[in-house]
Amino acid sequence: MKPRVPMKTGVESKLSGLLPPLVSLLLAAAVSAVILLLVGENPFHIGSVMLSGSLGSLRSIANTLEEATPLIFTGLCVAVALKCGLFNIGGEGQLVIGAFAAAWVGVKLTGLDPVTHVTVCILIAGLAGALWALIAGVLKARFGAHEVINTIMLNYIAFILTNYLVTLPYFKKPGQIPQTFDIAPSAALPRLSFLYQYTRLNIGFVLAIVAVILVYVILEKTRLGFELKSVGFNPTASRASGISVVRNMVIAMAIGGFLAGMAGSERVLGVHRYFISPFPFGYGFAGIAVALLGRNNPFGVLLAAIFFGALASGGAQVDIETHVPRELVTVIQAIVILFVACEYLVRRMGLMQLVDLMRRMGLRRRGAGAHE
Amino acid sequence: MRVLTVASFSRRCDLSLAEAPTGFVIQVEGITKRFPRVIANRDVSLDIRYGEVHALVGENGAGKSTLMNILYGLTRPDSGKVLLRGKPLPVSEGFLGINHGIGMIHQHFMLIGQFTALENIVLGSEPRKGVFLDTGTARSRVENLMREYGMEVDLDRKIDDLSVGEEQRVEILKVLYRDARIIIMDEPTAVLTPQETRSLFSTLKTLSDGGRTIIFITHKLEEVMEVARTVTVLRAGEVIGTMPVTETDAARLAELMVGRSIETVSGRKAGSQGEPVLAVENISLKARKGHELLTDVSFTVHRGEILGIAGVDGNGQDELFEVLVGLAQPSRGRVEFLGRDMTHASTRQRLRAGMAHIPADRIRMGLVLQFSMKENLILGRHTEEAYAGRVFLKQRSIDESAERMIKDYEIEPADPEIDAGLLSGGNQQKVIAAREISRNPELLIASQPTRGLDIGAAQRVRGLLVKQAEAGKGVLLISADLSEIMTLSDRVGVMYRGRIVGIMPALEVTEEGLGLMMAGVSQGGRESR
């Protein structure tokens, strides 16, 4: 028997790859409907409110895309690392560091023309996020310290560090609220007001789409992407083929950190226009779910992020229009994530049964030879 | 038909009476088993007599293991049935051969390294005294078995400290302890030295004289001729024929197995030595725990020769391979490649300088299973000018060279987009060989290059190695397959416990002599470096 690894042949995969997430979503919708029935709500009514709140008007669509923008970046951040076999849970911290860096440069650097200023802010934010991720990457590559632990710890450090920095008089706007001065107008990312007058959707969304395409090109068309994936799938064979595992792991973490940092700059330059403490939480973690739902494919991440954005904006509408608390929307999001995770479990079931059988025989395999 | 002695005949009669009235212990009738992409067994029928050694031969993928898994109860057939002692085999979920007197010994042993031999033998059916293990009863039963069948194992040593031959005896004792009347052995000689093989065969004879039936799966046809009474040939899931070994010979069996006649490959035995390609001087390698995995290894590979390194698995071959390709740093010694000191060079530097390697474990080290065939064909070569610029891969030239390699090396299926994990073992090996040999390397290091391959694929890979040497390149062949070493190499060395014990011209050594060196009994003849 062949070892069971997820495998595909040519075109057949592209279609069958889409099917499982769709099934997960349908199942999640069904379970959510049951929950709504249990709390005495009409699932069809709630569903239609969610739909109109997320896609029903230009305003709703703008809201959805605005919520989706940082998720596209953080989803890509997780996906790139996963392609290289690393689990980057540090998107949160890398984002907040990037956000603070963007605010710093946005506030303090003046006298530049808008294009330059925005570009500098975003680059600095990306580099700050990359640097933050590099700490975990280097610890992993040099000392084998597990990246999950390190990135989680670095999340706390990032939050506490920025909470402190924002209180320094050099940054802090006078007043009760711990927030920085407003960024210079030249550093602001223009909002896409032609869609809807009061939207906070901004050019950052376009940048996110560019990032999706760039990540796709890097992964599929370049030497670097080839090496990243090779290391992710089989580090031993990569090493034996002369590919540096350490180097690629560090690069994958840095790219992810850069993307998360960009997410932070989009929030600061395009939405809030200042850095506030504590910084809005959750985009980094949601990025993990986005990457999983999008199956680590850049375009999948784009779709998944928009889907999560729709849940958020639709959820807000439900909150306004009905008696259903907003928390229930969070529950629905969680159900979706659960079903996506389950799908991975089900895929491995075949293997599990085999292991179970061997256990029943009271036998244990030494070495990993496969039968015919 | 062999003539039976009166004594063994009567014993066999007793058993038959005890077990079943017919002369067959297992009757397989029209078994068919399909897997998603292949039919593993197609209408297979087969009768196995009481007390015979029945060999089952066939190439990889011929369906031998599937058939045995069906007999043992690990796999359920789609149609057909199996009669065990005249009664249909239960098809329920929990059926396992061992509960019905069928024992299976896998190619990869299933033993617990930290337990002693005795503990492994009784594991799962330990005799008890109350809640305690009744060691005394267990030991005396096992000792009786050892005496009866002439097998010797130190029962109190841990499995990790035993040789492969001893581990195999523990496996045999384990099924005997569970009173298996039918013993299935999957390629039992693959990991043994010639001496160990001989002792296994005498054990098999004793067992079959004692009325036990043995089903023996193998690639090696000389062994069939030596030990089996009946042989069944499987090809592509179908039974090609069942016959007494007295009515056939190895060459004819090979033809039946492959479906065409086989050409044999051999190296040039007495080739003149060219200049050195690789010189290894006094290499030692320390494990983390401090003991030495390699000790003072020295040899030279010249242009135009195949240097064969024989040895039982686990005597330092893998470590030597890792040191040579730059995956491990030797604690002492020097590696010189084409006149340059490469002791501390990275793997990429070595590959660039003209080394190529075929690793022993193709799945772990040679391929990325989730990558397509064409991606695997450029793995490690993706930075070459032909395949990539500074940043981007050159998709078109990658596609073109994949098509070319598929044709030149006859890789099946000829689909460059298929995942490497879906290829058969032989075709996976062809992908690696194609990639490495088309580098046009000055030195090819091939570690167990034909392990697990069927005859056809193995001969093809061997032919490629010989061609490299004929083209004036150096080839280092590390292999546990003695006859492969003997037919291909110009010079032969043996690895034993991390040392090279003697390197000799291949024409001056015999298989027996090598076997003794592999077992650490003799030091070999004069050295010729």
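Preceding this paragraph is the structure being described.
For the structure given in this document, a descriptive report is provided here. (Residues numbered from 1 in each chain as written. Chains lettered and ligands numbered in written order. Predicted model: local features only at pLDDT ≥ 70, side-chain atom pairs only at ≥ 80, totals over all residues. Heavy atoms only, no water.)

1. A few points about the overall build of chain B
Moving on, step 1. Tallying secondary structure elements over chain B gives 17 helices and 22 strands in all.
Moving on, step 2. Residues counted as buried form 57% of the 529 residues belonging to chain B.
Moving on, step 3. Considering only contacts within chain B whose residues lie at least 6 apart along the sequence, 68% involve residues at least 24 apart.
Moving on, step 4. Here chain B displays about 22,100 Å² of accessible surface, and carbon together with sulfur accounts for 49% of that area. (Helix = DSSP H or I, 4+ residues; strand = E, 2+ residues; numbered from the N terminus. Buried < 20%, exposed > 50% of the residue type's maximum accessible area, 1.4 Å probe, protein only. Contact = heavy atoms within 4.5 Å. Areas by Shrake-Rupley, 256 points an atom, 1.4 Å probe, with all protein chains shown as cover.)

2. Let's talk about the environment of B:Val461
Residue and element names in this part refer to chain B.
Moving on, step 1. Structurally, Val 461 is set in helix α15 (residues 455–470).
Moving on, step 2. Here the alpha-carbon distance between Val 461 and Gly 426, two residues 35 residues apart in the chain, equals 9.2 Å.
Moving on, step 3. When sequence neighbours within four positions are dropped, the list of residues in contact with Val 461 reads Gln 429, Pro 449, Thr 450 and Leu 453.

3. Thoughts on helix α8 (residues 250–258) of chain B
Residue and element names in this part refer to chain B.
Moving on, step 1. All buried positions along α8 are accounted for by Leu 253, Ala 254, Leu 256, Met 257 and Val 258.
Moving on, step 2. Of the surrounding secondary structure, the elements contacted by the buried residues of α8 are β3 (53–57), α7 (221–227), β11 (230–235), β12 (238–244) and α15.
Moving on, step 3. The opening residue of α8 is Asp 249, an N-cap whose side-chain oxygen sits 3.1 Å from the backbone nitrogen of Ala 251.
Moving on, step 4. One or two residues past the end of α8 sits Gly 259, with phi positive at roughly 90 degrees. (Polar contact = N/O pair within 3.5 Å; in protein donor to acceptor, adjacent residues only side chain to side chain.)

4. Topic: the sheet that holds strand β17 (residues 340–341) of chain B
In any sheet, the strands associate via hydrogen bonds between backbone groups, in a parallel or an antiparallel arrangement.
Residues and elements named next belong to chain B.
Moving on, step 1. Across the sheet, four strands lie side by side as β14-β13-β16-β17; this open sheet has antiparallel pairing. Edge positions in the sheet fall to β14 (292–302) and β17, since each of these pairs with one other strand and no more.
Moving on, step 2. One ladder, built from five bridges, connects strand β13 (residues 276–286) with strand β16 (residues 332–337); its direction is antiparallel. The residue bridging Leu 278 from the neighbouring strand is Phe 337, located in β16.
Moving on, step 3. Helix α9 (residues 317–325) contacts β13, β14 and β16 of the sheet and is inclined by roughly 60 degrees relative to β14. (Pairing = 2+ DSSP bridges. Axes fitted to C-alpha atoms, helices over the stretch in contact; angles between N-to-C directions.)

5. Section: helix α3 (residues 58–83) of chain A
The periodicity of an α-helix, 3.6 residues per turn, causes residues three or four places apart in sequence to face the same way.
Residues and elements named next belong to chain A.
Moving on, step 1. An ideal rise of 1.5 Å per residue puts 38 Å on 26 residues; α3 measures up with 35 Å between its terminal C-alpha atoms.
Moving on, step 2. Bending of α3 peaks at approximately 30 degrees at the position of Ala 68, with proline Pro 70 no more than four residues after it.
Moving on, step 3. In terms of residue burial, α3 counts as a mostly covered element, since 19 of its 26 residues are buried.
Moving on, step 4. Two residues or fewer after α3 comes Gly 85, characterised by a positive phi angle close to 85 degrees. (Expected span 1.5 Å × (residues − 1). Bend = angle between axes of the 7 residues up to and from the residue.)

6. Here's the deal with the packing of helix α4 (residues 91–108) of chain A against helix α10 (residues 245–272) of chain A
Residues and elements named next belong to chain A.
Moving on, step 1. The interhelical angle for the contact between α4 and α10, taken along N-to-C directions, is 50 degrees, at an axis separation of 7 Å. Put simply, α4 runs oblique to α10. As for the relative orientation of α4 and α10, their crossing is right-handed in sense. The segment α4 lies against α10, with Gly 91, Gln 94, Leu 95, Gly 98, Ala 99, Ala 102 and Ala 103 engaging Gly 256, Gly 257, Ala 260, Gly 261, Ala 263, Gly 264, Ser 265, Val 268 and Leu 269.
Moving on, step 2. For the contact of α4 with α10, the per-class residue count stands at eight nonpolar, eight polar and no charged. (Parallel < 35°, antiparallel > 145°, perpendicular 65-115°, else oblique. Left-handed = near helix turned anticlockwise from the far one by under 90°. Nonpolar A, V, L, I, M, F, W, Y, C, P; charged D, E, K, R; others polar.)

7. Quick notes on the side chain of B:Thr383
Moving on, step 1. Relative to the helices and strands, B:Thr383 resides in the loop between α12 (373–377) and α13 (395–408).
Moving on, step 2. The exposure class assigned to B:Thr383 is buried, which follows from its relative accessible area of 14%.
Moving on, step 3. Separated by 3.5 Å, the side chains of B:Thr383 and B:Arg352 make a polar contact.
Moving on, step 4. B:Thr383 has contacts with A:Arg223, A:Glu227, B:Arg348 and B:Arg352, leaving out every residue within four places of it along the chain.

8. As for the environment of B:Leu200
Moving on, step 1. Take B:Leu200: it is sitting in helix α6 (residues 194–209).
Moving on, step 2. Once the C-alpha coordinates of B:Leu200 and B:Thr189 are considered, the two residues, eleven residues apart in sequence, prove to be 8.2 Å apart.

9. Details of the sheet that holds β12(B)
Residue and element names in this part refer to chain B.
Moving on, step 1. Taking strand neighbours across the sheet as the criterion, the six strands line up as β6-β9-β10-β3-β11-β12 in an open arrangement whose pairing is mixed. With partners counted over all chains shown, the strands left at the sheet margins are β6 (102–105) and β12, one partner each. Each adjacent strand pair in this sheet contributes to an overall mean axis angle of 15 degrees, direction not counted.
Moving on, step 2. Direction of pairing for β11 relative to β12: antiparallel, over a ladder of six bridges. From the neighbouring strand, Thr 230 faces β12, where its bridge partner is Pro 244.
Moving on, step 3. Contacts from helix α2 (residues 64–72) reach β3, β6, β9 (182–186), β10 (213–218) and β11 within the one sheet, and its direction differs from that of β6 by about 145 degrees.
Moving on, step 4. Lying on the sheet, α6 is in contact with β3, β9 and β10; it crosses β10 at an angle near 145 degrees.

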